[in-house]
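Descriptive analysis of the structure
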Amino acid sequence: MQTEIPVLSFISAVLVLFPLPWYCRAGNIAAMSIGMWLFVVNVISAIDALHWNGAYQIPFLFWCDITSALITAVNVAIPAACLCICIHLERMASFCQTSTFVTKRHRILLECLMCFGVPLVYAALHVIVQPRRFDVYENFGCRSTIYPSTVALFVVWIPPLALSLLTIFFCGSTLGHFLLHGVHFSRTRAISSLTSGAYIRLVSMAVSEVICTIAATAVVMSFNLSSGLAPWADFTQDLTEVLSFSSAATPKSIIAMLITEWAIMVGQSFFFFGFFVLGEEGRRLSVSVTENQLVSPNPNVHL
């Protein structure tokens, strides 16, 4: 995995950038935030895999502080953004949303709060259950630590699961309204940028992303809770302590967990890009890129 992780992470980071201009023009803050978070985490994974390739020393403490917090924040950032997408689509399908400047401004403020404010608060609260500053693993980089207790259940693991389940609920309600008002929806939204096909792709993308989040959370929970919940009374915290592990000293279960987390993040990136490419906007982008590659300018012609 020494080559696969940085290569696939960099590819994923590039791919998630392609849909962002279209989502920006559409004013879809939630979808934009998914691409931005995936870009940041993929770049971190690639840099860490290259920097800690065959090494586990800790030359940059603040880099690890920042990256481990961002990797933690993305656990709720993606389901929170998907929830915003599905709430917006559900209101559109049920024709409860009025298109006014005030409602649009409120929606933008809510999505900014959910997609960026909530993840940062979640990352800050994560410190409550950190027994030490962070851990460093050879070939993987820095990761936040978790004390497996009842407090960790409510602070770390329940929030992403709750947001994911809420997203699935709103997606179900959204599809129900869409099937009930499908023809009317198609006629009403024909003049807008959100066609029926784009609507279905957004719902499918949100469901795919939160299923990945549920899977990643379940993997981390199963590893951390393999020995049961530890009593909170035994919790001790030293935020100056940092542990580093070579590949030989890292248990195979931890390596499997780290690889699974990374693979799920890459999968989320491909889902995000793939559902965009399936749409008309993505096809136009692919045709444009292909035409630009096929047309080679004459170097003797000066414009």
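Remember, it's a predicted structure, so these values are computed and weren't measured experimentally.

1. Side note on the overall build of the protein
Secondary structure assignment for the protein yields 10 helices and 3 strands. Moving toward the C terminus, one meets the helices and strands of the protein in the order α-α-α-α-α-β-β-α-α-α-β-α-α. Looking at the protein as a whole, 44% of its 303 residues are labelled buried. Long-range pairs, those at least 24 residues apart, make up 84% of the contacts in the protein between residues at least 6 apart in sequence. Summed over its atoms, the accessible surface of the protein is roughly 15200 Å², and 69% of this surface lies on carbon and sulfur atoms.

2. A word on the nonpolar core
Counting 61 residues, the largest nonpolar core has Tyr23, Ile34, Ile85, Trp157, Met205 and Phe272 as its most contacted members. Contributions of two or more residues to this core are made by helix H2 (20-26), helix H3 (29-51), helix H4 (61-93), helix H5 (101-125), helix H6 (150-180), helix H8 (196-224) and helix H9 (252-277). Per-element accounting of this core gives the leading share, 15 residues, to H4. When residues no more than four places from it in sequence are discounted, the contact partners of isoleucine 34 are Ala81, Cys82, Ile85, Met205 and Phe272.

3. Things to note about the packing of aromatic side chains
Counted according to the given criterion, the structure contains 12 aromatic pairs. Taking 6.4 Å as the distance between ring centres and 25° as the angle between the ring planes, the aromatic pair formed by tryptophan 37 and phenylalanine 116 counts as stacked. Residue tryptophan 37 is found in helix H3, and its partner phenylalanine 116 is found in helix H5; the two are separated by 79 residues along the sequence. Of the residues examined, tryptophan 37 reaches a relative accessible area of 8% and is grouped as buried. Pairing tryptophan 232 with phenylalanine 235 gives two aromatic rings, centres 4.5 Å apart and planes at 10°, and the pair type is stacked. What makes tryptophan 232 partly exposed here is its relative accessible area of 37%.

4. As for the pattern of salt bridges
Enumeration over the complete set of coordinates arrives at 3 salt bridges. Arginine 133 is paired through a salt bridge with aspartate 65; the nearest N and O atoms lie 2.5 Å apart. Pair noted here: arginine 133 is in strand S1 (residues 132-137) and aspartate 65 is in helix H4, with a separation of 68 residues, a long-range link. Two residues, glutamate 111 and arginine 107, come together in a salt bridge whose shortest N-O distance is 2.9 Å. In this pair, glutamate 111 and arginine 107 are both assigned in helix H5, 4 residues apart and thus about one turn of the helix distant.

5. Some thoughts on the sheet that holds strand S2 (residues 141-143)
Strand pairing in a sheet relies on backbone hydrogen bonds, with the paired strands running either antiparallel or parallel. Across the sheet, 3 strands lie side by side as S2-S1-S3; this open sheet has mixed pairing. Each of the sheet's edge strands pairs with one partner strand only, and the pair in question is S2 and strand S3 (238-245). The average undirected angle you get between the axes of adjacent strands in this sheet is 25°. Inspection of the sheet shows S1 paired to S2 by 3 bridges, in the antiparallel sense. When the bridges of S2 are listed, aspartate 135 appears paired with arginine 143.

6. A look at helix H1 (residues 4-15)
Compared with an ideal rise of 1.5 Å per residue, which puts 12 residues at 16 Å, H1 spans 16 Å between its outermost C-alpha atoms and is within 8% of the ideal. The set of residues buried in H1 consists of Ile5, Pro6, Ser9, Ser12, Ala13 and Leu15. In this structure, the buried side of H1 is in contact with H3 and H9.

7. Considering the pairing of S1
When you tally the buried positions in S1, you get 5 out of 6 residues, the bulk of the element. Relative to S3, S1 runs parallel, the two being bridged by 5 bridges. By the bridge assignment for S3, tyrosine 137 is matched with phenylalanine 245. Once S1 ends, the chain turns through 3 residues before running back antiparallel as S2, passing asparagine 139 with a positive phi of about 75°.

8. Some points on the environment of lysine 104
Looking at the element boundaries, lysine 104 is found in helix H5. Residue class for lysine 104 comes out partly exposed when judged on its relative accessible area of 49%. Note: C-alpha distance between lysine 104 and glycine 27 (77 residues apart in sequence) is 9.3 Å.

9. Describing unusual backbone geometry
At asparagine 139, a position not held by glycine, the phi torsion is positive, near 75°. A relative accessible area of 14% places asparagine 139 in the buried class.

Rules of the game
Residues numbered from 1 in each chain as written. Predicted model: local features only at pLDDT ≥ 70, side-chain atom pairs only at ≥ 80, totals over all residues. Heavy atoms only, no water. Helix = DSSP H or I, 4+ residues; strand = E, 2+ residues; numbered from the N terminus. Buried < 20%, exposed > 50% of the residue type's maximum accessible area, 1.4 Å probe, protein only. Contact = heavy atoms within 4.5 Å. Areas by Shrake-Rupley, 256 points an atom, 1.4 Å probe, with all protein chains shown as cover. Core = buried A, V, L, I, M, F, W, Y, C linked by side-chain atoms within 4.5 Å. Phe/Tyr/Trp six-rings, centres within 6.5 Å; stacked < 30°, edge-to-face > 60°. Salt bridge = Lys/Arg side-chain N within 4 Å of Asp/Glu carboxyl O. Pairing = 2+ DSSP bridges. Axes fitted to C-alpha atoms, helices over the stretch in contact; angles between N-to-C directions. Expected span 1.5 Å × (residues − 1).

Don't take any of this as a statement about function, it's just geometry.
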